[in-house]
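The chain contents come next:
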Amino acid sequence: MFFLTEFKQAIATTLSQKTQIEFQALDISLNTSDKFQTFDLTWTAFALLKHKITLETLNETVKEALGDSIDSVEAIKGFLNIKLSAKGMSRALDDLETISLTEKSISFSQNRKILLEYCGPNTNKPLHIGHLRNIFLARSLSHCLRFSGNEVHEVTIFNDRGIAICKSMVAYHLFGNGQTPESLDIKPDKYVGDLYVKISQTLKEQTQVLIQQGVSPKEAEDQTPIMKLAREFLLKWEDGDKVIKALWEQMNHWFYSGFDKTLETLEIDFERKYYESQIYLQGKDIAQEGLNKGVFDQNEDGSISIDLTEEGLDIKTILRKDGTSLYITQDMALAQNRFEDFAMDTLIYVVGEEQEYHFKVLKHILLKLDYPFAPNIYHLSYGLVVGSDGSKFKSREGTAVDADDIIDSVVEQAYLQAKSTEKNASLSENELRTIANQVALASIKFMMLKVYAKKKIVFDPKETVDIHGDTGGFILYSLVRAKSILAKNELAVITDFAVSELYELSEVRALVLHMTSFEEILFKTISEHNPSEMALYSLNLAKLFNKFYQVYPIRDNSSEIGRNFGLYLVSRYVLMMEKCLYCLDIKPAERM
RNA sequence: GACUUGGUAGCUCAGCUGGAUAGAGCAACUGCCUUCUAAGCAGUAGGUCACAGGUUCGAAUCCUGUCCAGGUCACCA
């Protein structure tokens, strides 16, 4: 919003001259006015009244500083309400010309090399609704960062080893009966997940039996036959036992083939995939490096730890006394590997809020080890997706909302809507399906993105995701209508639009002014790692366009310039919204 | 216990670097398609901004305390 900055500067300069007090553009609280339809900008100047500057002085200052950019000023209490003239509005329009360029040419263009980790699936269960929030947040942030001129590398880590997958393996060992996802005709990752649910139930039952037999609840689970077997599997796996490794690979293969399918639906891919099974033994080198640098402490029992009490954290163990690594050690090694692979200067983790402490610790450790990217480690943490009663979804108990299921149900809803729309009567089944997919994905993405990341999302699995109202579908629809106008009307040569009749409608003024703040919102989004900022901006943009659409005739406009101006605005809207959708990682639909 | 995040309409959420009458969507009700896509637009109704103090010209917004809910504080991942 460059014109606003210019206006602030002009006001500050004029005011300084008038009052002999020095003012900066930052001191001028000038913003778009959303309270009154009759004004465009409001300068909230209560603070200045204290300097014994009168309202009249402020009034004159505005008139002098902004000159023919304003139509009128009204001073009420400490508010200076400003109505822009045609000249002022067209100055705002000029901003659109600068913004509506391609990525990397925006005013604050950055040039960072960013590594973005997200998703982080466990290979013992299919993706659930929580992963969707993770993925969509990450993708949106990724696109906002790219749009801002950064180089972004998207990677993930598969948690493909450990006791959890061993439990699924035990389940297959016990209940599998040689069946396969193919023979059962279910999605392979779901088969693995089902086994996990089944084994968890059995484990619970066995635990209960032991508790009734007098075993303390703390130890009961550990002593169940299933846990004993799972631990045995884990040991054998670590020893490289061929049979167990083969079973492990079979289970993981099932997971990956289903997982890849879901990724395809979501239209995402990772530039590089890391596997816990390949790095879980690393970390000893890092531990030694830390010891050498005097950052880590060797304890009497042989374990290695770091004292972070000065940073307000605790003493954290880095390496067990038996020399094996921990979660934190693995993440240290992973960061090191990634630095070797990408030489990034910024590292962003998109991981749930329950791991805030972990990433805080990780950042401090890497800072102490002097990794160059360490100061630029960020954790985009987000709240859980919970049931309507506030309860947690648990994969273990099979209550998790499956990602594929939720997508399918919204696609179905969108399909019915598309099919019942008269305009779509001529469309083929395939085309209707494409539309349904686009609308469904857009709506699910938007549902996840519009809510502030730190807030938990309440989702009732019994209700489907809405595609009407404040949704992704709504946004796509407004864009489809705008494009339809452009297709049916020829865009004339852009002329001078500093003509006052063109700005009589408040809907026109509001749309223009909102569009000028795109860059500001983009900058805020990436600075705060908060895609909801961009999502809400886009939603409001669509709303303003719809209002404009409703009241501003284009084809039947009585004046030539009015028609051209309308078309020009629509074309700006299309460009702007396409940028917004790119930043949200939502694909526009061609028809709806 | 300590730290941390939230509490705004029946439901789901905006608004929070203090400003004018607290905004959307869903659900309910009423209008608007021979007119560029009605997946839309316009309207009605719905509020003690958790509670109590404080700061000031002014508080949903800032401060303090209380209550409620989530999360974390492992030689688990």
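The coordinates are above.
From a predicted model like this one, the values you see are computed outputs, not experimental measurements.

Colleague: Explanation requested: the overall build of chain A in the structure shown.
Modeller: Within chain A, the regular secondary structure consists of 22 helices and 14 strands. Once the C-alpha set of chain A is aligned to its principal axes, its extents read approximately 85 × 65 × 45 Å. Of all 592 residues assigned to chain A, the portion counted as buried reaches 53%. Contacts spanning at least 24 positions in sequence make up 75% of the contacts within chain A whose residues lie at least 6 apart. Total accessible area on chain A stands at roughly 27,500 Å², and carbon and sulfur atoms take up 49% of it. Across chain A, 66 positive and 84 negative side-chain charges occur, with their mean positions spaced 2 Å apart.

Colleague: Hey, could you run me through a nonpolar patch on the surface in this one?
Modeller: Taken together, Phe46, Ile76 and Phe79 make up a surface patch of nonpolar side chains, about 230 Å² in accessible area. Checked against the element boundaries, Phe46 lands in helix 2 (residues 46–49).

Colleague: Just checking my understanding: could you explain the side chain of Thr262 for this structure?
Modeller: By the element assignment, Thr262 lies in helix 11 (residues 242–266). Residue Thr262 is classed as buried on the basis of its relative accessible area, which comes to 1%. Non-local contacts of Thr262, meaning those with residues more than four positions away in its chain, are made with Leu127, Lys187, Asp189 and Asp404.

Colleague: I'm lost on the protein's contact with RNA strand B in this one. Help?
Modeller: In the region of RNA strand B, 58 residues are neighbours, and Phe79, Asp301, Ser484, Lys543 and Arg555 sit closest. Backbone polar atom of Gly469 to a phosphate oxygen of RNA strand B: 3.2 Å apart, as the coordinates give it. Looking at the surface near RNA strand B, the elements with two or more residues in it are strand 2 (41–44), strand 4 (79–84), helix 16 (403–420), helix 17 (429–449), strand 14 (457–458), helix 18 (472–488) and helix 21 (531–551). For the surface near RNA strand B, the element with the highest residue contribution is helix 18, accounting for seven residues. Taken together, the residues of the surface near RNA strand B break down into 24 nonpolar, 11 polar and 23 charged.

Colleague: Help me understand the sheet that holds strand 8 (residues 297–298), please; the structure alone is not making it clear to me.
Modeller: In a beta sheet, neighbouring strands pair by backbone hydrogen bonds and run either parallel or antiparallel. On the basis of which strands lie adjacent, the open sheet formed by three strands has the order 8-9-10 and antiparallel pairing. Lying at the two open borders of the sheet, with one neighbouring strand each, are strand 8 and strand 10 (315–319). Relative to strand 10, strand 9 (residues 304–307) runs antiparallel, the two being bridged by four bridges. By the bridge assignment, Ile306 is partnered in strand 10 with Lys316.

Colleague: Looking at this structure, I do not really get the packing of helix 19 (residues 506–515) against helix 21. What am I missing?
Modeller: When two helices pack together, you describe them by how their axes are tilted relative to each other and by the distance separating the axes. It is at 9 Å that the axes of helix 19 and helix 21 come closest, and there the two elements cross at 155°. As judged from the angle between their axes, helix 19 and helix 21 are roughly antiparallel. Note that helix 19 runs across helix 21; the crossing there is left-handed. Within the contact between the two elements, helix 19 uses Glu507, Val508, Ala510, Leu511, His514 and Met515 and helix 21 uses Tyr537, Asn540, Leu541, Leu544, Phe545, Lys547, Phe548 and Val551. Of the residues that constitute the contact of helix 19 with helix 21, the class distribution is 10 nonpolar, two polar and two charged.

Colleague: Would you take a moment to explain unusual backbone geometry for this structure?
Modeller: Peptide bonds are mostly trans, and most non-glycine residues show a negative phi. Positive phi values are uncommon outside glycine, yet Cys119 reaches one of about 80°. You can see Cys119 is positioned in the loop between strand 5 (113–117) and helix 5 (129–147). Look at His529: it is not a glycine, yet its phi comes out positive at around 50°. Tracing the chain through its elements places His529 in the loop between helix 20 (518–528) and helix 21.

Colleague: Explain the layout of surface pockets to me, please; I cannot follow it from the model alone.
Modeller: Over the atoms rolls a probe the size of a water molecule, and its path tells where empty space is left. Each pocket or cavity is described by its volume, and for the largest pocket that value is around 1,400 Å³. Around the largest pocket sit 45 residues that line it, and Gly120, Asn122, Lys125, Glu354 and Gln355 are the ones nearest its centre. Counting residues per element, the ones that place at least two in the lining of the largest pocket are helix 5, helix 6 (163–175), helix 12 (276–279), helix 14 (327–342) and strand 11 (346–352). A class-by-class count of the residues in the lining of the largest pocket yields 20 nonpolar, 15 polar and 10 charged. Here the second largest pocket defines a volume of roughly 1,100 Å³. Of all the secondary structure elements, the ones that give two or more residues to the lining of the second largest pocket are helix 1 (2–19), strand 1 (30–32), helix 19, helix 20 and helix 21. The leading source of residues in the lining of the second largest pocket is helix 21, at seven residues.

Colleague: I'm lost on the nonpolar core in this one. Help?
Modeller: Within soluble globular proteins, side chains that are nonpolar generally end up buried alongside one another. Membership of the largest hydrophobic core comes to 131 residues, with the highest contact counts inside it found for Trp43, Phe518 and Met534. When sequence neighbours within four positions are dropped, the list of residues in contact with Trp43 reads Ile11, Leu15, Ile28, Ser29, Leu30, Leu48, Leu58, Val62, Gly78, Phe79 and Leu80.

Colleague: How should I be thinking about the packing of helix 8 (residues 188–212) against helix 10 (residues 225–239) in this particular structure?
Modeller: Here helix 8 crosses helix 10 at 125°, and the two axes come no closer than 8 Å. As the angle between them shows, helix 8 and helix 10 are arranged oblique. Here Ile199, Thr202, Leu203 and Gln206 of helix 8 come into contact with helix 10, specifically with Pro225, Ile226 and Met227. A class-by-class count of the residues in the contact of helix 8 with helix 10 yields five nonpolar, two polar and no charged.

Colleague: Just to check I follow, could you spell out the state of the cysteines for this structure?
Modeller: Chemically, a disulfide is nothing more than a covalent bond linking the sulfur atoms of two cysteines. Following the criterion strictly, the structure yields zero disulfides and no others. As a non-bridged cysteine, Cys119 has Cys144 as the owner of its nearest cysteine sulfur, 19 Å distant.

Colleague: Would you explain the pairing of strand 2 in this entry?
Modeller: In summary, the side chains of a regular strand alternate between the two faces of the sheet. Where strand 1 lies against strand 2, three bridges are found, and the strand directions are antiparallel. In the strand pairing of strand 2, Asn31 is matched with Thr42. As paired elements, strand 2 and strand 4 share four bridges and run antiparallel to each other. Among the inter-strand pairings, Thr42 is bridged to a residue of strand 4, identified as Asn81.

Colleague: Explain the sheet that holds strand 2 to me, please; I cannot follow it from the model alone.
Modeller: Judged by pairing direction, the sheet is antiparallel, and its four strands sit side by side in the order 1-2-4-3 without closing on themselves. Single-partner strands in this sheet number two, and they are strand 1 and strand 3 (70–76). Along the sheet, successive strands turn relative to each other by an average axial angle of 25°, direction set aside. Bridge analysis of strand 3 against strand 4 gives six bridges, and the strand direction is antiparallel.

Colleague: Help me understand helix 4 (residues 86–99) in this model?
Modeller: Think of an α-helix as 3.6 residues a turn; residues three or four steps apart then line up on the same face. Here helix 4 contains 14 residues, and its C-alpha end-to-end distance of 20 Å stays within 8% of the 20 Å for a straight helix at 1.5 Å per residue. Most of helix 4 sits inside the fold, with 10 of its 14 residues counted as buried. Among the residues of helix 4, those classed as buried are Ala86, Gly88, Met89, Ser90, Arg91, Ala92, Leu93, Asp95, Leu96 and Ile99. Those residues of helix 4 that are buried lie in contact with helix 1, strand 4, helix 19, helix 20 and helix 22 (560–584).

Analysis parameters
Residues numbered from 1 in each chain as written. Chains lettered and ligands numbered in written order. Predicted model: local features only at pLDDT ≥ 70, side-chain atom pairs only at ≥ 80, totals over all residues. Heavy atoms only, no water. Helix = DSSP H or I, 4+ residues; strand = E, 2+ residues; numbered from the N terminus. Buried < 20%, exposed > 50% of the residue type's maximum accessible area, 1.4 Å probe, protein only. Contact = heavy atoms within 4.5 Å. Areas by Shrake-Rupley, 256 points an atom, 1.4 Å probe, with all protein chains shown as cover. Lys, Arg positive; Asp, Glu negative; His and termini not counted. Charge placed at Lys NZ, Arg CZ, Asp CG, Glu CD. Patch = residues over 30% accessible without salt bridge, like charges linked within 9 Å, V, L, I, M, F, W, Y side chains within 5 Å. Salt bridge = Lys/Arg side-chain N within 4 Å of Asp/Glu carboxyl O. Near = heavy atom within 4 Å. Polar contact = N/O pair within 3.5 Å; in protein donor to acceptor, adjacent residues only side chain to side chain. Nonpolar A, V, L, I, M, F, W, Y, C, P; charged D, E, K, R; others polar. Pairing = 2+ DSSP bridges. Axes fitted to C-alpha atoms, helices over the stretch in contact; angles between N-to-C directions. Parallel < 35°, antiparallel > 145°, perpendicular 65-115°, else oblique. Left-handed = near helix turned anticlockwise from the far one by under 90°. 1 Å grid on protein atoms, 1.4 Å probe; cavity = no way out; pocket = protein on both sides within 12 Å on 5 of 7 lines; lining within 4 Å. Points joined across faces, edges and corners; volume = space filled by probe spheres on them. Core = buried A, V, L, I, M, F, W, Y, C linked by side-chain atoms within 4.5 Å. Disulfide = S-S within 2.5 Å. Expected span 1.5 Å × (residues − 1).

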